[in-house]
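# Structure at a glance
Here is what each chain is made of, one letter per residue.
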Amino acid sequence: MSEYDYDLFVIGGGSGGVRAGRLVASMGKRVAIAEEYRFGGTCVIRGCVPKKLFVYASQFPEHFEDAAGYGWTVGETTFDWKTLIANKDREITRLEGLYRGGLERAGADIIESRAVLVDKHTVRIVAQDRTVTARHILIATGGRPSEHPALPGSEHAISSNEAFHLETLPKSIVIAGGGYIAVEFANIFHGLGVETTLVYRGKEILGRFDMDMRRGLHAAMEAKGMRIVLHTIAHEIEKQPDGRLAIKLSNDETIVTDQLMLAIGRTPNTESLGLEAAGVEMGPKGEIIVDAFSRTNVESIYAIGDVTDRVQLTPVAIHEAMCFVDTVYRDKPNSPDHDAIATAVFSQPEIGTVGLSEDDAAKRYDELEIYRAEFRPMRHTLSGRQEKMIMKLVVDAGSRRVVGAHILGVDAGEMAQLLGIAVKAKLTKDDFDQTMAVHPTAAEELVTMYHPSYRVKNGERVG
Ligand code: NDP
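Residues numbered from 1 in each chain as written. Predicted model: local features only at pLDDT ≥ 70, side-chain atom pairs only at ≥ 80, totals over all residues. Heavy atoms only, no water.

### Concerning the overall build of the protein
- Broken down by element type, the protein carries 13 helices and 23 strands.
- Relative to the globule expectation of 23 Å for 463 residues, the C-alpha radius of gyration of the protein, 24 Å, shows essentially globular dimensions.
- Overall, the protein is about 70 × 65 × 45 Å in size when its C-alpha atoms are taken along their principal axes.
- Looking at the protein alone, contacts between residues at least 24 apart form 61% of all its contacts between residues at least 6 apart.
- A distance of 2 Å separates the average location of the 53 positive side-chain charges in the protein from that of its 65 negative side-chain charges. (Helix = DSSP H or I, 4+ residues; strand = E, 2+ residues; numbered from the N terminus. Rg over C-alpha atoms; globule rule 2.2 N^0.38 Å. Contact = heavy atoms within 4.5 Å. Lys, Arg positive; Asp, Glu negative; His and termini not counted. Charge placed at Lys NZ, Arg CZ, Asp CG, Glu CD.)

### A closer look at the sheet that holds strand β14 (residues 259–262)
- Ordered by their spatial adjacency, four strands build an open sheet running β10-β9-β8-β14, and the pairing between neighbours is parallel. Edge strands, defined here as strands with exactly one partner in the open sheet, are β10 (227–229) and β14. Geometrically, the sheet is characterised by an average inter-axis angle of 20° between neighbouring strands, direction not taken into account. (Pairing = 2+ DSSP bridges. Axes fitted to C-alpha atoms, helices over the stretch in contact; angles between N-to-C directions.)

### What to know about a nonpolar patch on the surface
- There is a patch of nonpolar side chains on the surface, built from Tyr56, Phe60, Phe64, Tyr70, Trp72, Val74 and Leu382 and spanning about 730 Å² of accessible area.
- Take the nonpolar patch: its biggest share by element is three residues, from helix α3 (residues 48–67). (Patch = residues over 30% accessible without salt bridge, like charges linked within 9 Å, V, L, I, M, F, W, Y side chains within 5 Å. Areas by Shrake-Rupley, 256 points an atom, 1.4 Å probe, with all protein chains shown as cover. Salt bridge = Lys/Arg side-chain N within 4 Å of Asp/Glu carboxyl O.)

### Remarks on the site of the ligand
- Taken together, 20 residues sit near the ligand, with Ile181, Tyr200, Arg208, Gln312 and Ala344 positioned nearest.
- A distance of 2.9 Å separates a nitrogen atom of the ligand from a polar atom in the side chain of Glu184.
- Measuring from a nitrogen atom of the ligand, one finds a backbone N or O atom of Ala344 at 2.8 Å.
- In isolation the ligand offers 910 Å² of accessible surface; the protein chains occlude 76% of this area.
- Among the elements that make up the shell around the ligand, the one with the highest residue count is helix α6 (residues 180–191) (three residues). (Near = heavy atom within 4 Å. Polar contact = N/O pair within 3.5 Å; in protein donor to acceptor, adjacent residues only side chain to side chain.)

### Side note on helix α12 (residues 412–424)
- Over its 13 residues, α12 runs 17 Å from end to end, which matches the ideal 18 Å to within 8%, given 1.5 Å per residue.
- The largest bend in α12 comes to about 30°, at Leu418.
- For α12, every residue scored as buried is listed here: Ala412, Gly413, Met415, Ala416, Leu419, Gly420, Ala422 and Val423.
- Buried residues in α12 make contact with β17 (343–345), β18 (351–355), β20 (389–396), β21 (402–408) and α13 (429–433).
- Positive phi appears at Lys426, one or two residues downstream of α12, with a value of about 60°. (Expected span 1.5 Å × (residues − 1). Bend = angle between axes of the 7 residues up to and from the residue. Buried < 20%, exposed > 50% of the residue type's maximum accessible area, 1.4 Å probe, protein only.)

### What about the sheet that holds strand β23 (residues 460–462)?
- Across the sheet, which stays open at both edges, the seven strands sit in the order β17-β18-β21-β20-β19-β22-β23 with antiparallel pairing between neighbours. Two strands lie at the open edges of the sheet, namely β17 and β23, each paired on one side alone. Strand after strand, the sheet turns through a mean of 20° between neighbouring axes, direction not considered.
- Bridge count for strand β19 (residues 367–375) against β20 is eight bridges, and the pairing is antiparallel.

What follows is the structure, given as structure tokens:
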């Protein structure tokens with residue numbers, strides 16, 4: 001008989017925690033997983049999945065418009081927010097059931113409660129007021145939208161959490177932030193007919209992306225009718241007698257709007273988790289500090305996913321979970337590889353990207369070849385839509401390796417997944433050149449850009 005109640009206790013039923021719990025339980029180990037809200041975590045319940053459903057909903061007005069060039073007459077259209085919310089909620093409930101079902105079938109004990117650490121092997125199950133012990137504890141509690149207490153009136157703002165359950169669709173919205181969430185929701189709300197303003201403190205939206213993607217998307221969003229205000233922050237928010245919000249900006253402008261959404265990053269969920277009691281080290285944002293194998297400074301406690309603030313993406317949390325299982329339960333130490341992660345911004349048009357931006361590559365390599373194409377995709381020829389696609393390959397001239405691939409346009413996210421394999425496999429531009437095109441597609445441009453558009457030498461653009 002083991003000295004512990006469980007081999008593994010997982011705190012947090014999101015993508016990372018569920019994957020680890022399910023795999024370890026299916027190996028015949030005794031596993032418990034505690035979740036205080038709903039299984040599925042941010043991604044399924046109030047993140048990637050409902051967001052993508054909203055993105056689809058918001059694309060229909062453009063589809064209706066584009067149909068005319070192809071001979072269709074679309075009658076009067078109307079949109080019902082409550083129907084979208086109800087259908088979205090039904091799908092989320094279905095997915096939550098799949099997550100729970102997978103855990104149950106694997107034999108994990110599902111605990112619907114907050115769980116907090118008591119010491120390095122003991123967890124208190126708050127709702128049941130009892131403690132259990134485990135050989136290993138895995139913390140996968142994720143993160144939450146960052147609040148902004150220094151901003152007067154910020155209690156009137158919503159975050160992405162509330163955006164998924166608004167009673168009514170606002171007529172106008174201001175979104176503060178310039179990252180993934182701000183940009184994606186600006187496009188969603190605009191697509192659904194909401195007058196949308198994005199307020200960002202930096203010089204261009206989407207700080208971590210290639211500048212061509214950032215500028216290209218900015219231009220496309222403005223062309224659609226979104227307003228983007230750069231170098232600006234909100235100073236103060238006042239609720240007016242009619243319920244609307246007056247937002248004073250640092251550029252001396254005041255915008256009166258129905259809703260303000262803050263999308264200014266996410267904070268790791270480590271508060272009141274008993275980490276101090278167990279002696280687990282945290283960083284300045286409250287993130288749990290882990291080594292390459294996701295182990296904390298306490299031998300029995302590991303952490304994966306957003307709570308470690310490494311790369312805040314669902315597939316990364318899942319990958320970290322699988323590496324944890326290899327390391328601890330399969331005797332195959334495996335550390336997650338955070339290099340060259342393909343990712344997408346589900347804006348309209350989308351951005352799909354993998355590897356280094358031109359600017360980051362220029363800091364790392366002496367000479368780059370940049371292959372760049374900007375064109376109107378075929379589907380927009382008859383629709384008359386002026387929107388352009390941008391494709392860009394960043395090549396290390398020395399090794400010929402493609403070190404970055406960036407796409408702005410329809411289905412860029414889908415393309416990024418496949419390009420991710422090529423960049424991860426360290427393929428060269430010659431491999432791209434020897435690949436036959438799939439015709440007619442937009443993606444064929446990626447294998448038919450034979451001559452560099454320009455070079456970058458020692459950080460300077462030449463030729
Ligand atoms: P991001 O880190 O992407 O962006 C945060 C934004 O908020 C930045 O533009 C930042 O500005 C700005 N900001 C931060 N603090 C302040 C402040 N005090 N005042 C004004 N602006 C501020 O975070 P998000 O919230 O957009 O998303 C969180 C994470 O979720 C992302 O990092 C991403 O990994 C993940 N995610 C992924 C998605 C996907 O894969 N499609 C979709 C949605 C989220 P600055 O740039 O100047 O620091």
